[in-house]
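Structural description and commentary
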Amino acid sequence: MIHFDNVTKVYANQNRPALDHVSVDVDKGEFVFLVGPSGSGKSTFLRLVLKEERPNSGSIHVAGKDLARLSNFKVPHLRRRIGCVFQDFRLLPNKNVYENVAFALEVIGKPRRFIRKVVPEVIELVGLEGKAHRMPEELSGGEQQRVAMARAFVNRPMILLADEPTGNIDPATSIGIMKVLDRINRTGTTVLMATHDAAIVDSMRKRVVELEDGKIVRDQSRGVYGQAY
Amino acid sequence: MRANFIFSEVWIGLRRNLTMTIAVIVTVAVGMALLGVGLMINSQVSRLTSYWTDKVELSVYLCTDKSPFPACKNRGAVTEAEKTSLKQTIQAMPDVERVEFEDQAQAYKNFQESDSNKLLLSVTRVEDMPESFRVKLKDPDKAAAVADSLSGQPAVSRIINQRVLLDSVFGFMGKLRNMALGVAILMVFAATLLIGNTVRLSAYNRRRETGIMRLVGASNIYIQLPFVMEGLIAGLIGGVFAGVLLIITKILVFEGIQMYMQNPIGWDTVAGVITLTMVIGVLICVLASFITLRRYLRV
Ligand SMILES: Nc1ncnc2c1ncn2[C@@H]1O[C@H](COP(=O)(O)OP(=O)(O)OP(=O)(O)O)[C@@H](O)[C@H]1O
Ligand SMILES: [Mg+2]
């Protein structure tokens, strides 16, 4: 599903690579934690999957497509198959829950009938039934993140990228967020989550890829956050 | 493509930048109106030119008894012998197509018809009118040369080259046209900058929306269309105002001077000019939006 082959990324005006000869394979339906200290290249990894950034060397395949050969014209179609969640939610403050989720479908030209059918389903899936008409400011952080997850998942992506989705949320609420991510993963969606949250990684017992200074220092199935000696 | 989604975005965008939008509309309206006026003057000049080219003549006036012109000093009115010889001289010139003699009675009649000054008419007598030869040339461009060679002839008081009169009228209209076009270009330039600024503001205001649109895989067209439509609508409204200004110009100015111009431009010309300025206005707005978009909206 996601295939990095010897990928190196050096940002302009930086001499140290953000990713340094990274090779990794993520299969369809996997749940993978991307861990590592701040600045180790986790977000860069996710941006490369989205083709928001281009690698300086190495090749990246996502959903069977070589990103280097993917024309700019086709990048939106790649992104339609990838959902994204971030630490800062990125909701539209002037739209309610329903509208925020529907927005993702409207802007890719989905018919209104389809939108009316799937949006309530997804809102229920993330556990926000009854709150469809709340504005983002009327929701807690955890609920806002659920809206963001609903929006990321509403188009049934093959891959869900989550960049520190629990970064702004207290540990108790984070468990709920992880349950939603797990539920999404069980529908067959590949989930790739960058995080600092040791407790979550340890409790989930999923595959863990650890980065340090842009290099993969550990790749462990059913791993934990800290180095397991 | 969801049309109502795009339109609601466009409407929000236009309203959010209302002052900028008004500035764009006014600039486009004035710029396009001036461009249209320039084009209308242009087509008026070319109509007049083609109307007059085959009518241009030289008027060779002959001395009367009391002619005040220096060439007639110390001599009386033109004699029959002089007329005959002058007519032969003119006819012999290679550039001359035909010569007609206008006698005093005819001249007086023409004068009565053309001049509305009652006082002047009442004190002017038939004997005061000069006789003249009306010289039609094969090539109107040769008028000056022919006039030169005739001006030294005996009993010729003065020569009026209609061509020179027309040239000064055309020259004046040409200057007007150039001024209108010059200001139009400046306005177009200003409009481009204004549109650029509006789009930049719009892109900044909508950065959250466009960021999410990129993320969920909206196509570039979908992301850019609301901005380009803002430019398009501002351009269209400006174009409509320009069209109204052009219609007013046609009624007030071109109809007003119609009595001096035997061949005024018609409404078909005005319609053509309005269409052209509209198309140009809209194209400029759309292009300006599109170009600034590339700079301020990462896609
Ligand atoms: N747009 C950018 N331009 C230049 N350098 C960048 C850019 N984005 C990231 N970097 C650099 O690349 C390196 C990796 O950054 P990245 O954001 O991938 O780290 P991270 O693992 O996500 O960190 P954090 O846990 O703090 O989010 C860092 O040294 C960072 O300074
Ligand atoms: Mg990061």
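Every chain's residues receive numbers from 1 upward, in the order its sequence appears when written. Written order determines the labels here, with chains lettered from A and ligands numbered from 1. In view of the model being predicted, local features appear only for residues whose pLDDT reaches at least 70, and side-chain atom pairs are presented and counted only at 80 or more, with totals across whole chains, interfaces and linings using the full set of residues. Hydrogens and water molecules were not included; the side-chain quantities draw on all heavy atoms of the structure.

1. Some details on the domain arrangement of chain B
Domain borders in the structure are assigned automatically or taken from a domain database. Here chain B is described as being made up of domain 1 (2-52 + 167-296) and domain 2 (55-161). Inter-centroid distance (C-alpha atoms) of domain 1 of chain B to domain 2 of chain B is 52 Å.

2. Let's talk about the site of ligand 1
Residues and elements named next belong to chain A. Taken together, the neighbourhood of ligand 1 is formed by 15 residues, with S38, G39, K42, S43 and T44 sitting nearest. Any N or O atom pair separated by 3.5 Å or less is treated as a polar contact, with the protein-specific requirement of one donor-capable and one acceptor-capable atom, and with residues adjacent in sequence counted only for side-chain atom pairs. Between ligand 1 and T44 there is a distance of 2.5 Å, counted from an oxygen atom to a side-chain nitrogen or oxygen. A distance of 3.2 Å separates a nitrogen atom of ligand 1 from a polar side-chain atom of R47. Alone, ligand 1 offers 630 Å² of accessible surface; in the complex the protein occludes 67% of this. Here the shell around ligand 1 is built from residues that sort into three nonpolar, eight polar and four charged. If a single non-hydrogen atom of a residue is within 4 Å of a molecule or strand, that residue counts as near it. Where accessible areas are quoted, they stem from the Shrake-Rupley method and a 1.4 Å probe; at the residue level, only the protein chains shown are allowed to cover. Any residue outside Ala, Val, Leu, Ile, Met, Phe, Trp, Tyr, Cys, Pro, Asp, Glu, Lys and Arg is labelled polar, Gly included; the first ten of those are nonpolar and the last four are charged.

3. Concerning the interface of chain A and chain B
The contact criterion used throughout is that any non-hydrogen atoms of two residues lie within 4.5 Å. Between chain A and chain B, the residue contacts involve 24 residues of the former and 17 residues of the latter. Summed over both partners, the accessible area lost on bringing two parts together, with a 1.4 Å probe, is the buried area. In total, chain A and chain B occlude about 1,800 Å² of area from one another, counting both sides; carbon and sulfur atoms represent 56% of this. Its largest share of buried area at the contact with chain B, chain A owes to A:R79, A:F103 and A:V107, together 28% of the area lost on that side. The salt bridge definition used is simple: a Lys or Arg side-chain nitrogen within 4 Å of an Asp or Glu carboxyl oxygen. Scanning the region where chain A abuts chain B turns up one salt bridge. Note that A:E52 and B:R214 form a salt bridge whose closest N and O atoms lie 3.7 Å from each other. Under the scheme used here, helices are H or I runs from DSSP no shorter than 4 residues and strands are E runs no shorter than 2 residues, and both carry numbers assigned from the N terminus. Among the secondary structure elements, those contributing two or more residues to the side of chain A that touches chain B are α2 (75-80), β6 (82-86), α3 (97-106) and α4 (112-125) of chain A. Within the side of chain A that touches chain B, the residues separate by chemical class into 13 nonpolar, two polar and nine charged.

4. Observations regarding the environment of A:L70
Residue and element names in this part refer to chain A. Within the secondary structure, L70 is located in the loop between β5 (65-66) and α2. Residue classification places L70 among the buried positions, given a relative accessible area of 8%. The sequence separation of L70 and K51 amounts to 19 residues, and the corresponding C-alpha distance is 9.2 Å. Those residues in contact with L70, other than ones at most four positions away along the chain, are K51, K65, V75 and L78. Burial classification: accessible surface area is computed with a 1.4 Å probe over protein chains only, and a residue below 20% of its type maximum counts as buried, one above 50% as exposed, and the rest as partly exposed.

5. Side note on the packing of α3(A) against α4(A)
Two packed helices can be described by the angle between their axes and the distance between those axes. All names here are of chain A. Here α3 crosses α4 at 125 degrees, and the two axes come no closer than 10 Å. Classified by the angle their axes make, α3 and α4 are oblique. Relative to α4, the crossing made by α3 is right-handed. The segment α3 lies against α4, with V97, Y98, V101, A102, L105 and E106 engaging F114, I115, R116, V118, V119, P120 and I123. Where helices are involved, their axes are fitted lines through C-alpha atoms of the stretch in contact, as for all axes, and angles between N-to-C directions lie from 0 to 180°. An angle below 35 degrees is treated as roughly parallel, one above 145 as roughly antiparallel, one from 65 to 115 as roughly perpendicular, and anything else as oblique. For any pair of crossing helices, the crossing counts as left-handed if the nearer helix is rotated counterclockwise from the farther one by less than a right angle, and right-handed if it is rotated clockwise.

6. Overview of the sheet that holds strand β4 (residues 57-62) of chain A
All names here are of chain A. Strands sit in the order β2-β1-β4-β5 across an open sheet of four strands; the sheet is antiparallel. In this open sheet, the two strands that pair with only one neighbour each are β2 (19-26) and β5. Note on pairing: DSSP must find at least two bridges between two strands before they are called paired. In this structure, strand β1 (residues 2-9) lies alongside β2, joined through five bridges in antiparallel fashion. Bridging across to β2, F4 finds its partner in V24. Running at roughly 120 degrees to β1, helix α1 (residues 42-49) makes contact with β1, β2 and β4 of the sheet.

7. Comments concerning the UniProt feature "transmembrane region" (unreviewed entry) in chain B
Residue and element names in this part refer to chain B. Within the UniProt annotation, "transmembrane region" (unreviewed entry) is assigned to residues 21-41, 179-200, 221-249 and 269-293. In the segment residues 179-200, helix accounts for 100% and strand for 0%; the C-alpha atoms at its two ends are 32 Å apart. When the span residues 269-293 is considered, its composition is 100% helix and 0% strand, and the gap between its end C-alpha atoms is 36 Å. UniProt positions are given in the numbering used here, feature names are shortened, and annotations may be inferred rather than shown by experiment.

8. Considerations on the confidence of the model for chain B
For every residue, the predictor assigns a confidence score, pLDDT, that lies between 0 and 100. Overall, the predicted model of chain B reaches an average pLDDT of 83, with 95% of residues at or above 70. Model confidence for chain B, summarised as mean pLDDT per element, is weakest for helix α5 (residues 118-123) of chain B at 75 and strongest for helix α8 (residues 207-215) of chain B at 90.

9. Regarding the pattern of salt bridges
This model, assessed by the stated rule, comprises 17 salt bridges over all chains. Here A:R207 and A:E30 are joined by a salt bridge, their closest N and O atoms 3.0 Å apart. Of this pair, A:R207 sits in strand β9 (residues 207-212) while A:E30 sits in the loop between β2 and β3 (31-35), and the two are 177 residues apart along the sequence. Residue B:R98 is joined to B:E100 by a salt bridge in which the shortest nitrogen-to-oxygen separation is 3.2 Å. Classification of B:E100 by relative accessible area gives partly exposed; the value is 41%. Salt bridges sharing common partners tie together A:E30, A:R207 and A:D219.

10. Some details on the sheet that holds strand β7 (residues 159-163) of chain A
Residue and element names in this part refer to chain A. Spatially, six strands are ordered β6-β7-β8-β3-β9-β10 in an open sheet, and the strand pairing comes out mixed. Looking at strand neighbours, the two that pair on one side only are β6 and β10 (215-220), the edges of this open sheet. Ignoring strand direction, the axes of neighbouring strands in this sheet form an average angle of 15 degrees. Bridging between β6 and β7 involves five bridges; their strand directions are parallel. By the bridge assignment for β7, G83 is matched with L160. Contacts from α1 reach β3, β6, β7, β8 (190-194) and β9, with the element oriented near 150 degrees to β7. Against the sheet, helix α5 (residues 141-153) makes contact with β6 and β7, and its axis sits at roughly 165 degrees relative to β6, the strand it touches most.

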